[in-house]
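Spelled out from the first residue to the last, the chains are:
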Amino acid sequence: MTRNVLVTGGAGYIGSHTCKALAAAEYVPVVLDNLSAGHAWAVKWGPFVKGDINDVELLSQTIKQFDIKATIHFAAFAYVGESVNEPRKYFQNNVSNTLVLLNTLLDRGVKKFVFSSSCATYGVPNVLPITEEHAQNPINPYGESKLFAERILESYDSAYDLRYACLRYFNAAGADPEGELGEDHNPETHLVPLVIAAALGQRSTIEIFGTDYDTKDGTAVRDYVHVNDLADAHVKALNHLLAGGQSLKVNLGTGQGHSIRDVILAVEAVSQRPVRVTEGPRRPGDPPSLIANPNLGQTLLNWKPLRSDLGTIVQTAWQWHRKRNGLADLG
């Protein structure tokens, strides 16, 4: 059987790390990416096809050329704040274009699908940690778009025998410990690289959005997962489906929450540099706390987050950003 796997959005942050993990597992990741957010330099472990997931002709050609039997789908817009201001953009790409992708795959007989979902589908949790049975009530269009795609997959499983794995990430962070890959968004909205940029003097300050949440220090709490651990989970989910496993929906998290102030302190400790902080109002669409119950995913996929302690996350990110900025000699 072919070991070629279509990876949409494989030039992006989590997608590129997953491609490296796929190659280590002796798969060949075939990246389809329009480079609207990803980077050509991050495609290193297999063929690269530049294009959009709603291009039926290109998809069909790629599936045939590389004898694709399974897909890992990362190609989505993923900024919560932007989704509030531009919902049309999010529903078009994350729902409509995903539907085109799924229909083309089905028409070509590709029925194994690993989906990059999100804890944003839960909305504001009623209880922590969050299990997979928790009600899904998104509070922003990004979360709504991911939930809509999950519901499409449920229907396609029942009607067309499409087998899928919905992987509901909590907060991806960190960088490849070997220094080949890291987090490079434009604009950057993720906390760890923003705090590192402030420690490097590339930003004057870090603004904390909301200091009056019902958390230990008033700032929002998130469950941070190392990107390499997420990549490993995608490989395990792919193995599960290709071995004939049933569809599943699992959380990918650690069960541990860290506040914004925790992350800032961790960056200061690793960098040995101060980070200036300013405080602002809450942002719309931000829940106070999101912490996973990761037990189901660990059981069904035999997956464990081995690198996801906050110190390792920050250390790997710090090393990569120093290297990226030509500052590898800094202490």
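Placed above this text is the structure.
Here we summarise the structure given alongside this text. Quick caveat, the model's predicted, so the values are computed rather than measured. (Residues numbered from 1 in each chain as written. Predicted model: local features only at pLDDT ≥ 70, side-chain atom pairs only at ≥ 80, totals over all residues. Heavy atoms only, no water.)

### Quick notes on the pattern of salt bridges
- Enumeration according to the criterion identifies 16 salt bridges in this entry.
- Across the salt bridge formed by Lys-20 and Glu-178, the nearest N and O atoms sit 2.7 Å from each other. Separated by 158 residues along the polypeptide, Lys-20 in helix H1 (residues 13–24) and Glu-178 in the loop between strand E7 (171–173) and helix H6 (191–199) bring together distant segments of the chain.
- The exposure class assigned to Lys-20 is buried, which follows from its relative accessible area of 15%.
- For the salt bridge of Arg-261 with Glu-279, the shortest nitrogen-to-oxygen distance reads 2.9 Å. One end of the pair, Arg-261, is in helix H8 (residues 260–271); the other, Glu-279, is in strand E13 (residues 277–280), with 18 residues separating them in the sequence.
- The structure contains a network of salt bridges with shared partners spanning Lys-20, Asp-176, Glu-178 and Glu-180. (Salt bridge = Lys/Arg side-chain N within 4 Å of Asp/Glu carboxyl O. Helix = DSSP H or I, 4+ residues; strand = E, 2+ residues; numbered from the N terminus. Buried < 20%, exposed > 50% of the residue type's maximum accessible area, 1.4 Å probe, protein only.)

### Here we look at the sheet that holds strand E4 (residues 71–73)
- Strand order across the open sheet formed by seven strands is E3-E2-E1-E4-E5-E6-E11, with parallel pairing between neighbours. For this open sheet the edge positions go to strand E3 (48–50) and strand E11 (248–252), each flanked by a neighbour on one side alone. The sheet shows a mean angle of 20° between the axes of neighbouring strands, taken without regard to direction.
- Summarising the sheet, strand E5 (residues 112–118) and strand E6 (residues 163–169) pair through seven bridges and their orientation is parallel. Residue pairing across strands places Phe-113 opposite Tyr-164, the latter belonging to E6.
- This element, helix H7 (residues 227–242), spans strand E1 (4–8), E4, E5, E6 and E11 of the sheet and lies at about 160° to E6. (Pairing = 2+ DSSP bridges. Axes fitted to C-alpha atoms, helices over the stretch in contact; angles between N-to-C directions. Contact = heavy atoms within 4.5 Å.)

### Let's talk about the sheet that holds strand E14 (residues 289–290)
- With mixed pairing, three strands are arranged side by side in an open sheet as E12-E9-E14. The open sheet has two free edges, formed respectively by strand E12 (258–259) and E14, since each of these has just one partner strand.
- One ladder, built from two bridges, connects strand E9 (residues 221–222) with E14; its direction is parallel. Each bridged residue has a counterpart across the sheet, and for Arg-222 the counterpart in E14 is Leu-290.

### Focus: the nonpolar core
- Ile-14, Leu-167, Phe-170 and Leu-252 are the most contacted members of the largest nonpolar core, which totals 39 residues.
- Only E1, H1, E6, H7 and E11 provide two or more residues apiece to this core.
- It is H7 that provides the largest number of residues to this core, a total of eight residues.
- Apart from residues no more than four positions distant in its own chain, Phe-170 is found in contact with Cys-119, Tyr-122, Ile-130, Asp-223, Val-225, Asn-251, Leu-252, Gly-253, Leu-290, Ile-291 and Ala-292.
- Membership of the second largest hydrophobic core comes to 26 residues, among which are Leu-6, Leu-32, Leu-106 and Cys-166. (Core = buried A, V, L, I, M, F, W, Y, C linked by side-chain atoms within 4.5 Å.)

Don't take any of this as a statement about function, it's just geometry.
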